[in-house]
Amino acid sequence: MSDHDYRPKSKVGQWFNDRLPLLTLANHLTDYPTPKNLNYWWTFGGILTFCLITQIVTGLTLAMHYIAHADMAFESVEHIMRDVNYGWLIRYIHANGASMFFLAVYIHIFRSLFYGSYKSPREIIWILGIIIYLLMMAAAFMGYVLPWGQMSFWGATVITNLFSAIPLVGEGIVTWLWGGYSVDNPTLTRFFTLHYLIPFLILGLVVLHIWALHVPGNNNPVGIDIKKPSKDTVPFHPYIVIKDGFALLMFMIVFAFFVFYAPNILGHADNYIEANPMVTPAHIVPEWYLLPFYAILRSVPDKLLGVVAMLSAILILAVLPWLDTSKIRSAVFRPLYKQFYWILVADVLILGYVGAMPAEGLYLLIARVATAYYFLHFLVILPVLGFKEKTLPVPLSITEPVLGGSPNLAAARNKESKIE
Amino acid sequence: MKSLFKLLSIIIIIIASNSYSFAAEKVEYLKTDWSFKGLFGKFDRASLQRGYQVYTEVCASCHSMKYLSYRNLAEPGGPEFSEVQAKAIAASFEVTDGPNSDGEMFTRPGKLSDKFVMPYDNVKAAQAANGGAYPPDMSVLVKARGGGVDYIYSLLQGYEEAPSNVSLDDGVYYNKYMYGNKIRMAAPLSDGLVEYGDGTNATLEQMSKDVTTFLMWSAEPHLEARHQMGFKAIVYLIILTVLVYFSMKKIWSRVKSEV
């Protein structure tokens, strides 16, 4: 934030900027010094912004035609698909957009885990991110209920029933959430209201997320602090803008493939059957992006503890900056962490896979082992690794090779001798 | 760059295989060459028109299609009956309308704007007429079944004598593609059941293919428009991506760094 001395060139610009410094903000955003070694994993922030805006715009359009009523919701979705001009396009963008949004957010989160972007001084950015992620899950879940298909109805029933695990007040809370004694029209209308509201909460948090990012600046693949602006940085515009744009276009090609050629592959066929409280589907499964947490929920035999485990799996991420005791950010210089990182990635993918399978036999066993490992990673491996790991020498700056004078290097050497 | 691609494709494959994982435990479905699959997939008009004939002469006596209107039959991308034909089809159905100025309901010949006439007044009536089983609405049926068109196509041809270890109640039939193998619908199609106007031989296989094609269209009436637009959109995106890639290279050439 070194550009507060910016003055617009024109008189009008100065007059306006003195009263509302929007031009200063624009100047800050274009000049914002960004590490020049950011790789493509860093383009997902921009991609996520695109996803959010896409969801809001398509969502607003759908809301103009959708009817939030238990007797009419399913039909109104079919009306959108058949009779609204390009309604099929808007709905398929919105439905697949949710999946694309989560695909991007998972890459974004795992990028942060790999390069240690959650560490000091970026804890607040990280925590804001986790809140955004939680809200995304809430929005996605409620959005999935709106078409009022079989999976909508039964998914809503299963998830809201989780609250009944709370001792004493659980049942009361569930009735209160439903607005009745089962998932029904009052549930649908309130879910619609909240589904409409949450994206704007997310938008506000995204502004804070980016604001908090612009205080310390971006982390980078080397994970070291860099001077800004310096030889190590480039202005955001045009360098990062064009690179983000290129990555976004690649992403949009994948997105378009799903929308135009496989629009229903990520959804469940049962959601094209209108909700029927009298018929329970053979398997109730959430959307793919919630499957790892669903697996954790089902791997615990006790209902309440299962809910606690599932929530902890997400909330544990919020305290990650304090669980990871290593001072070195990037996994590039952490040979052991790097291996555990990939094991964690595999672990989450396995959880996602067993989450889609019936919770029985071998699947249940795998789910339990994978759940245990998930918590082991965050609660034991990460804290211990910070003390035990022999890290590699860290360079002094992005442009310069590793020099003897690096303070990080000295620290690394110290650790080496301690272990030996 | 390469690793990004690799990981993205791995993730996509995992996601895609997840949603298919349930179908994997079941029997292999019968395969046929669907004209509407693929990048430029289009419906076979003649097949759609024959499929409508099978639907209306066979299925429609039990299965409703409540989200379709007669006008859809003449719309582009569908069976594309001429407007005159579609009007004649609509007029062949009796539609209940009203109330009129006397407060009475009345029937009149169908119009293009009418929804497909329902075989039963309500779900209870449908159940009562079918031994307690409700014949599902067919508008989005192929999207509502795991195997999609292949499943429906196979199911129609999957009726067999029950194996000796399976006992069937009255009004229950054995179908090797049905979930649990027991189905409340008797084999709906048999060779020569309908007489196609265009002289096509109405074999069981042919009718199954035609009516399934028709059901695919009824579930996805804008499939052709989607494929056409998709091809254009993706070609446009690829060209733009290439252009932006070279602009990016040019801009970044000012900085000593790898992009």
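Parameters at a glance
- Residues numbered from 1 in each chain as written.
- Chains lettered and ligands numbered in written order.
- Predicted model: local features only at pLDDT ≥ 70, side-chain atom pairs only at ≥ 80, totals over all residues.
- Heavy atoms only, no water.
- Helix = DSSP H or I, 4+ residues; strand = E, 2+ residues; numbered from the N terminus.
- Buried < 20%, exposed > 50% of the residue type's maximum accessible area, 1.4 Å probe, protein only.
- Contact = heavy atoms within 4.5 Å.
- Areas by Shrake-Rupley, 256 points an atom, 1.4 Å probe, with all protein chains shown as cover.
- Polar contact = N/O pair within 3.5 Å; in protein donor to acceptor, adjacent residues only side chain to side chain.
- Buried area = accessible area lost by both parts, 1.4 Å probe.
- Salt bridge = Lys/Arg side-chain N within 4 Å of Asp/Glu carboxyl O.
- Phe/Tyr/Trp six-rings, centres within 6.5 Å; stacked < 30°, edge-to-face > 60°.
- Lys NZ or Arg CZ within 6 Å of the ring centre and 35° of its normal.

A. Structural context of the overall build of chain B. A count of helices and strands for chain B gives 7 helices and 4 strands. Along chain B, helices (α) and strands (β) appear in the sequence α-α-α-β-β-α-α-β-β-α-α when read from the amino end. Counting only residues that meet the buried cut, chain B has 41% of its 259 residues in that class. Taking all contacts inside chain B whose residues are at least 6 apart in sequence as the whole, residues at least 24 apart take part in 61%. If you sum the accessible surface of chain B, you get close to 14,000 Å²; carbon and sulfur atoms cover 57% of it.

B. Representation of the side chain of Asn96(A) within the structure. Residue and element names in this part refer to chain A. Here Asn96 is to be found in helix α5 (residues 87-115). You can call Asn96 buried: its relative accessible area is 2%. A polar atom in the side chain of Asn96 sits 3.2 Å from the backbone oxygen of Pro263. Each residue touching Asn96, except ones within four places of it in the same chain, is listed here: Phe255, Phe258, Val259, Ala262, Pro263 and Leu266.

C. Up close: unusual backbone geometry. The omega angle of the peptide bond from His237(A) to Pro238(A) is 5°, so this bond is cis rather than trans. Of note, the bond from Gly98(B) into Pro99(B) is cis; its omega dihedral lies within 30 degrees of zero at 0°. The topology assignment puts Pro99(B) in the loop between β1 (94-97) and β2 (106-109). Phi at Trp148(A) is positive, roughly 55°, even though this residue is not glycine. Checked against the element boundaries, Trp148(A) lands in the loop between α6 (123-145) and α7 (150-161).

D. Fine view of the interface of chain B and chain A. Counting residues at the interface gives 58 residues for chain B, matched by 57 residues for chain A. Regarding the contact of chain B and chain A, the summed buried area is about 5,100 Å², with carbon and sulfur atoms giving 75% of it. Between Asp83(A) and Arg71(B) there is a salt bridge, and its shortest N-O distance comes to 3.2 Å. In this assembly, chain B and chain A are joined by 11 residue pairs in polar contact (both at pLDDT 80 or more).

E. Looking closely at the packing of aromatic side chains. If you walk through the whole model with that rule in mind, you get 47 aromatic pairs over all chains. Between Tyr40(A) and Phe246(A), the aromatic rings sit 6.0 Å apart at their centres with planes inclined by 65°, giving edge-to-face as the arrangement. Highlighted residues: Tyr40(A) in the loop between β1 (33-35) and α3 (44-65) and Phe246(A) in helix α10 (residues 236-261), separated in sequence by 206 residues. Pair check on accessibility: Tyr40(A) and Phe246(A) agree, each one buried. Here the aromatic rings of Tyr52(B) and Phe81(B) are separated by 5.8 Å at their centres, their planes lie at 75°, and the arrangement is edge-to-face. In this pair, Tyr52(B) is assigned in helix α2 (residues 45-57) and Phe81(B) in the loop between α2 and α3 (83-91), connecting sequence segments 29 residues apart. One exposure class covers both Tyr52(B) and Phe81(B), and it is buried. The lysine or arginine in question, Lys243(A), covers the ring of Tyr40(A), its NZ or CZ lying 5.0 Å from the ring centre. Cation over ring: Lys243(A) sits above Trp252(B), and NZ or CZ is 5.4 Å from the ring centre.

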